[in-house]
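Observations on the model geometry
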Amino acid sequence: MSGQPKTEPIVLGSVADLIDYARAGEKPRDAFRVGTEHEKIGLRTEDLRPVPYAGERGIEGVLAAIAAEDGWSAIHEGDALVALEKDGASITLEPGGQLELSGAPLASIFETCAEFHRHLDLIRRVSEPRGIVWLSLGANPLHEVEAIPHVPKRRYEIMRSYLPAKGELAMHMMHLTATVQANLDYASEEDMAAKMRTAMGVSPIVSALFANSALHAGKPSGFVSRRVHIWRHVDPDRCGILPFVFEPDFGYRHYVEWALDVPVFFVLRDGSYLPTGGKPFREVLEAGFAGRPATLLDWNLHLTTLFPEVRLKQFLEVRGADAVPPGLICALPALWKGLLYDAGAQEAAWRLVEPWSLAEREAALDAVARRGLGAEVAGRPILGLARELIAISRAGLARIGDGSGEEPDETRFLAPLEEVAERGRSPGEEILLRWEREWDRSPARLIEYARY
């Protein structure tokens, strides 16, 4: 989830305006960038309890220290410090106090990885004196939802009121989970459609490689990626696989028409979030809300509250991976860049999953949630598909490397992912083995292993 959009309040006249907005995201290929977003879960080192929001030793203190030490601009909601901004990047708060870095769109994975490591160094410097540790896991491994303090953001209050009636694990999604995502550009409607189809098609394979949320409430949960399982039970109106993406005529209009019929959580009026009572955006577009016509700001805000496996804004956001250790975080944008920014790789990746039926795609997510790289889909082991997918990305990165830097391409960032595939176990499977054996089910040993 991202912070408040910055779009100017341009009044919307028709569905065509929304299609034009998606089309305005098109970029020439030499302007393609990759952005990376990663979330982290905080605990107090003294007792492994969740970190409170308020106070010098809480998340509020961490954000204030980052702003003071590193020149970030503070964003407030009322009196509460809820976000920071600097040089095209932002640090925002998720509902349960997870910190998210939304990195700037950057030309190379070298830049993206350097940005991430600078962020980690900064987070450690301000967090360790406050007795806070941040975890590279896809879900809180020790606590139930009821133990998680809430952050003071009005949009999350509205979501807490709305979502429980839609999905039994919606509050788990909001308060316990963490992810790493990549944002990628498209050149045309055809290019967007091909990339989104491929990305949504291979998303279960990527989820298996990054499955890293096997523990819940201090014991094995029955899943390798409980985060993937949680997202299956949040809100069917706005989550999951979108069947129309796999239709041959898929384009901007199909996504827009789907988004128009998804209920709106809230609109922003005079700096305040107002719940809409579940009106679909189509109704807001036609009749306005709170005495004002629908604006592009309303639409942009609505787009940030849609959670399919791949999301379209003015770029594509691939959303299927658990939060993972640093090397794998740098591998995630590299994997997607190799798959989607080289035409041959994109076509080869699509061929891996093209024969799957919609039922098989859905079943793949359920199987991956439970078994990670040990899952099967359509009669094939996910592990073999994962190895093929990494090889396709490596070839793509090699072809698009321009040789202008110290290295000819960005393929080295795939090495940690290749190690996962060679081992044959998802990160969460590795944690389960250690939890039952060498760690003797010790939360302290887990935290030492998983801390950034």
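As the structure is a prediction and not an experimental result, all values here were calculated from the model.

The next subject is the pattern of salt bridges. Applying the stated rule across the entire model yields 37 salt bridges. With its nearest N and O atoms 3.2 Å apart, the salt bridge here joins Lys86 to Asp70. A residue pair is termed long-range when its members are at least 10 positions apart, and Lys86 in strand β3 (residues 80-86) and Asp70 in helix α2 (residues 59-70) qualify at 16 residues. Under the relative-accessibility criterion, Lys86 is labelled partly exposed at 26%. Between Arg292 and Asp270 there is a salt bridge, with its nearest N and O atoms 2.6 Å apart. Linking Arg292 in the loop between α9 (281-287) and α10 (296-303) with Asp270 in the loop between β11 (266-269) and β12 (272-275), this pair joins segments that are 22 residues apart in sequence. Judged by its relative accessible area of 36%, Arg292 falls in the partly exposed class. Among the residues examined, Asp270 registers a relative accessible area of 67% and is labelled exposed.

Once that is clear, we can look at the environment of Asp409. In this fold, Asp409 is placed in the loop between α14 (382-400) and α15 (415-423). Considered as a pair, Asp409 and Ile109 are 300 residues apart in the sequence and their alpha carbons are 9.6 Å apart.

Before going further, it helps to spend a moment on unusual backbone geometry. Residues other than glycine seldom take positive phi values, yet Ala217 does so here, at roughly 55°. If you trace the backbone, Ala217 turns up in the loop between β8 (215-216) and β9 (219-220). One non-glycine residue with positive phi stands out, namely Arg441, at about 60°. Its place among the elements puts Arg441 in the loop between α16 (427-436) and α17 (443-450).

As for its position among the elements, Glu69 is in helix α2. Here the alpha-carbon distance between Glu69 and Leu122, two residues 53 residues apart in the chain, equals 8.7 Å.

The tally for this structure, following the rule as stated, stands at 14 aromatic pairs. Each ring, one from Phe110 and one from Phe413, has its centre 5.0 Å from the other, and the planes form 70°; the classification is edge-to-face. Note that Phe110 is positioned in helix α3 (residues 109-127) and Phe413 in the loop between α14 and α15, a separation of 303 residues in sequence. By relative accessible area, which is 29% here, Phe110 ends up partly exposed. Ring plane angle 70° and centroid distance 5.0 Å describe the contact between Phe281 and Trp299, whose orientation is recorded as edge-to-face. With Phe281 in helix α9 and Trp299 in helix α10, this pair connects stretches of sequence that are 18 residues apart. On the basis of relative accessible area, Phe281 is assigned to the buried category, the value being 0%. Site record: aromatic cluster; members linked through ring pairs are Tyr162, Phe265, Phe266 and Tyr273. Here the basic side chain of Arg238 rests over the ring of Phe265, its NZ or CZ set 3.9 Å away from the ring centre.

Here we come to α15. It helps to recall that an α-helix has 3.6 residues per turn; residues three or four apart then point in one direction. Of the positions making up α15, those classed as buried are Leu417, Val420 and Ala421. The arc that holds the buried residues of α15, viewed along the axis, is 95°, so those residues lie on one side. Facing away from the buried side of α15 by more than 90 degrees, the exposed set consists of Glu419 and Glu422. Tucked inside the fold, the buried residues of α15 contact α6 (189-209), α11 (326-340), α14 and α16. Gly424, located one to two residues past α15, shows a positive phi value of around 85°.

Let us now look at the confidence of the model for the chain. Per-residue confidence for the chain gives a mean pLDDT of 96, with 98% of residues at or over 70. Confidence drops under pLDDT 50 across residues 1-7; counting only partners more than four residues distant or on other chains, this segment forms 25 contacts.

Of all hydrophobic cores here, the largest spans 149 residues; its most connected members are Leu163, Met196, Phe210, Tyr255, Trp299 and Trp336. Grouped together as the second largest cluster of nonpolar side chains are 13 residues, Leu43, Leu142, Trp435 and Trp439 included.

What counts as what
- Residues numbered from 1 in each chain as written.
- Predicted model: local features only at pLDDT ≥ 70, side-chain atom pairs only at ≥ 80, totals over all residues.
- Heavy atoms only, no water.
- Salt bridge = Lys/Arg side-chain N within 4 Å of Asp/Glu carboxyl O.
- Helix = DSSP H or I, 4+ residues; strand = E, 2+ residues; numbered from the N terminus.
- Buried < 20%, exposed > 50% of the residue type's maximum accessible area, 1.4 Å probe, protein only.
- Phe/Tyr/Trp six-rings, centres within 6.5 Å; stacked < 30°, edge-to-face > 60°.
- Lys NZ or Arg CZ within 6 Å of the ring centre and 35° of its normal.
- Arc of directions from axis to C-beta.
- Contact = heavy atoms within 4.5 Å.
- pLDDT = per-residue confidence, 0-100.
- Core = buried A, V, L, I, M, F, W, Y, C linked by side-chain atoms within 4.5 Å.

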